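# Topology and contacts: notes
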Amino acid sequence: MSNLIKIKLPDSSIKEAPSGSTLYDITGLIGKGLQKAALAAELDGVLTDLATTVTKDSDLSIITFDSEKGRDIFWHSASHLMAQAVKRLYPDAKFAIGPSIESGFYYDIDMKKTLTPEDLEAIEAEMAKIVEEKLDVKREEMPKADAIKYFSSINETYKIELLSDLPDGNVSLYRQGEFADLCRGPHVRNTEQLKSFKLLSIAGAYWRGDEKNRMLQRIYGVAFPDQKDLKKHLDFIEEVKKRDHRKIGRDLDLFSTHEDVGAGLIYWHPKGARLRNTLEEWWKKEHFKNGYEILYSPHIGRSTLWETSGHLGFYKDNMYSPMEIDGNDYIIKPMNCPFHIKIYQTSLHSYRDLPLRWAELGTVYRYEKSGVLHGLLRVRGFTQDDAHIFCTPEQIEDEIKEVLRFSLWMWKTLGFTDIKAYLATKPEKSVGEPERWITAQESLRKAIESADLKVELDEGGGAFYGPKIDLKVRDAIGREWQMTTIQFDFNLPERFDMYYIGEDGQKHRPFMVHRALLGSIERFVGILIEHYSGKFPAWLSPVQVILINVSEEQAGVVNEMKNTMIDRGLRPQVDLRNESMGYKIREAVSQRAPYVCVIGKNEAENGTVSVRKRGEKDSITMAINDFYKMLEEEIAEKR
RNA sequence: GCCUACGUAGCUCAGUCGGUAGAGCAUUUGCAUGGUAAGCAAAAGGUCACCAGUUCGAUUCUGGUCGUAGGCUCCA
């Protein structure tokens, strides 16, 4: 008889099991359901497979799909499953890396055949077979040299390259049936656990992400323990497609791009321009309220300016070639900052003038590789909601706090509430005095603290010229977008030799902070479209009300209503077309206007409107003035 | 930039194994004058992205250019 050992679970309860039991056996003691759901375990804090045997008293925590670690393991196992299927179908396939990712997994493969979407179905079918075969997934450990020998024997050149980067000693392989892969693990117990999966797409990817290396074929996929969850995930992908700002932008006639004129350049149509204008007017008003001044600066500047600023050195790849004017080179601006500094330098500044908060909706042009352009989200010409703050060291802390508070308030008003901060600190190579870095980083840290934000620290991840805070906001369907940046700059004040006169009558270097709250107007509108799925709150909606007449006789009343609304600063749109009412309502609803108003004989006679609120099927009849009041209230409250 | 796929009417997409093309919606016109998600009919609409090459003939095949989409170290 073997001895009993004590296994302590996360809730501090203790299970006794015979020494030498596997973790899988032990999960069975806790519950059948858990045993089925278990993927791996943490034994005394170490991630391990369920096949591991225990011979001494230990702490145990079971990993299931509900945790991030669990999903990671599950998806990584699914990528092995896929690789096995690929190898069966294409024996010449060589495997590079196949990790789990944020939602799913991929494997990079080198093989002769170029995969098509139909091939994915065949691979899926083969994967299903392997699941049916219920292969045990077994860990094998061996010296690195043996592993190299093994992978040489099956011609897995990428694995050999990976192995050569690993420290000497033992490495682990995971084997399922005829297939074995180099892997740290852990993995699921048996292929039967990987029932619900879907291969999503094929893409090219460089070996080790380096464009000098060979391009491999990458297959993306996703997997779940349950068919229902897979369905949910696929529905989510559909939902993302439906919200695509490029599609909604066309359907709602907001913007376009023109391939014959240039990629990554946005044309704002009347309705898109209204939306943008509403945002910008609001943005300016709030900036004035928050102690900013608004600037306008030129679109081009002489190359000497960009030499002074240093951009021609470290930012050259993103800048367009110069144009010659009167024998001088001019460059279209990729940034607004040097211009703001030029304005700063038009007069001598006392410490009493500071802080200066100078904002500009400045349109900049940056070269982006053609492959990364994407609708409004990644473009070559865009308008930053930029500002620069020039202040004394004493003012830094309050200034940063204030910027952060302002930014968070703005996000809340725009309908985004889930926000996370990322603090990036001094990298190895940097400019600026160390004390300045410390002061700046301290102010950023304190601002985050006082705003009570979730924060992630990126130690050493700052730009060479200063530390920064980025804010990521989560949209309505859970995607994170990096938006706000608050960035110190110790470089430009030096390069332009900026100073102010202190209390002591001496010259002092001001602190300079760049900040963009929305990031770029183009990109932000793109995200806004997807966040609201085109159903903008009334205060932003380019068309707030669509007015529909039942028959020609009401055309006069409808036009009158429209004029009154325009006078009141509202944004109505009339549809007097000689079409059936049903038809016009259908179209108005698909245009996602917050309200559709129908005026027929009854309404015209009684001074009422039949109001149909977006998302509701039934309409309400109310007095015209009551409707105006209701709408105006909704707009004022930015609901 | 690189890989893969794609580019046909304003939009969504068929189609042509090489003989200059079709549907639905949208548009225009006519009829119908309506009560809360598509009334009926007709017409018009295309250099089949662009430029070369092969061919008697190219939207189709080949090459190039431009553009679009999904990707391109989340490191066994």
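Source: prediction; values computed, not measured. (Residues numbered from 1 in each chain as written. Chains lettered and ligands numbered in written order. Predicted model: local features only at pLDDT ≥ 70, side-chain atom pairs only at ≥ 80, totals over all residues. Heavy atoms only, no water.)

Attention now goes to the protein's contact with RNA strand B. Near RNA strand B you find 54 residues, and of these Leu182, Ser370, Asn578, Glu603 and Ser610 are the closest. Among the atoms of RNA strand B close to the protein, meaning within 4 Å, 51% are from sugar or phosphate groups. Arg250 places a polar side-chain atom, nitrogen or oxygen, 2.9 Å from a phosphate oxygen of RNA strand B. In terms of residue class, the surface near RNA strand B is built from 21 nonpolar, 17 polar and 16 charged. (Near = heavy atom within 4 Å. Polar contact = N/O pair within 3.5 Å; in protein donor to acceptor, adjacent residues only side chain to side chain. Nonpolar A, V, L, I, M, F, W, Y, C, P; charged D, E, K, R; others polar.)

Moving on to the nonpolar core. Grouped together as the largest cluster of nonpolar side chains are 80 residues, with contacts concentrated most on Leu414 and Phe627. Broken down by element, this core gets its largest block of residues, eight residues, from helix α13 (residues 396-413). Inspection of this core shows a minimum of three residues originating in each of domain 3 (255-297 + 333-532) and domain 4 (545-636). Residues contacting Leu414, with those up to four places away along its chain left out, are Leu279, Trp282, Leu518, Phe524, Leu528, Tyr532, Trp539 and Leu540. (Core = buried A, V, L, I, M, F, W, Y, C linked by side-chain atoms within 4.5 Å. Buried < 20%, exposed > 50% of the residue type's maximum accessible area, 1.4 Å probe, protein only. Helix = DSSP H or I, 4+ residues; strand = E, 2+ residues; numbered from the N terminus. Domains from an automatic or database assignment. Contact = heavy atoms within 4.5 Å.)

Below, the discussion takes up the packing of aromatic side chains. Both the distance between ring centres and the angle between the ring planes are used here to describe each pair of aromatic rings. Scanning the entire structure with this criterion turns up 30 aromatic pairs. Pairing Phe406 with Trp409 gives two aromatic rings, centres 6.4 Å apart and planes at 20 degrees, and the pair type is stacked. Here Phe406 and its partner Trp409 are both found in helix α13, three residues apart, which amounts to about one turn of the helix. Given a relative accessible area of 2%, Phe406 falls into the buried group. For Trp409, a relative accessible area of 34% puts it in the partly exposed group. Of the aromatic side chains, those joined through ring pairs into one cluster are Trp282, Tyr292, Phe406, Trp409 and Trp539. Looking at Arg436, its charged tip hangs above the ring of Phe511, at a distance of 4.3 Å from the centre. (Phe/Tyr/Trp six-rings, centres within 6.5 Å; stacked < 30°, edge-to-face > 60°. Lys NZ or Arg CZ within 6 Å of the ring centre and 35° of its normal.)

Let us now look at the sheet that holds strand β23 (residues 381-391). One open sheet accounts for eight strands, arranged β18-β22-β23-β30-β27-β26-β24-β25; its pairing is mixed. Among the strands making up the open sheet, the edge pair consists of β18 (293-294) and β25 (454-458). The strands touched by helix α9 (residues 270-289) within the sheet are β18, β22 (356-365), β23 and β30 (511-520), with β22 carrying the most contacts at an inclination of about 160 degrees. Relative to the sheet, helix α12 (residues 337-344) contacts β22, β23 and β30, its axis offset from that of β22 by approximately 140 degrees. (Pairing = 2+ DSSP bridges. Axes fitted to C-alpha atoms, helices over the stretch in contact; angles between N-to-C directions.)

This paragraph deals with the layout of surface pockets. In this approach the atoms are scanned with a rolling probe the size of a water molecule, which exposes any empty space left behind. Of the volumes computed, that of the largest pocket is approximately 1000 Å³. Lining the largest pocket are 38 residues, and of these Tyr315, Met335, Arg366, Gln384 and Thr485 sit closest to its centre. At the level of secondary structure, the elements contributing two or more residues to the lining of the largest pocket comprise α11 (311-314), β23, β26 (468-474), β27 (480-488) and β30. Element by element, the count of residues in the lining of the largest pocket is highest for β30, at five residues. Taken together, the residues of the lining of the largest pocket sort by class into 15 nonpolar, 12 polar and 11 charged. Size it by volume and the second largest pocket reaches roughly 670 Å³. What lines the second largest pocket is a set of 28 residues, among which His76, Leu182, Cys183, Arg184 and Gly185 lie closest to the centre. At the level of secondary structure, the elements contributing two or more residues to the lining of the second largest pocket comprise α3 (68-89), α6 (157-164), β12 (170-176) and β13 (179-182). Sort the elements by how many residues they give to the lining of the second largest pocket and α3 lands first, with five residues. Considering only residue class, the lining of the second largest pocket consists of 13 nonpolar, eight polar and seven charged. (1 Å grid on protein atoms, 1.4 Å probe; cavity = no way out; pocket = protein on both sides within 12 Å on 5 of 7 lines; lining within 4 Å. Points joined across faces, edges and corners; volume = space filled by probe spheres on them.)

Here Leu354 and Pro355 are connected by a cis peptide whose omega angle stands at 0 degrees. Following the sequence through the fold, Pro355 ends up in the loop between α12 and β22. Phi is positive for Lys134, which is not a glycine, with a value near 50 degrees. If you trace the backbone, Lys134 turns up in the loop between α4 (117-132) and β11 (138-143). If you check the backbone angles, Arg592 has positive phi at about 60 degrees while not being a glycine.

Purely spatial values, then, with no claim about function.
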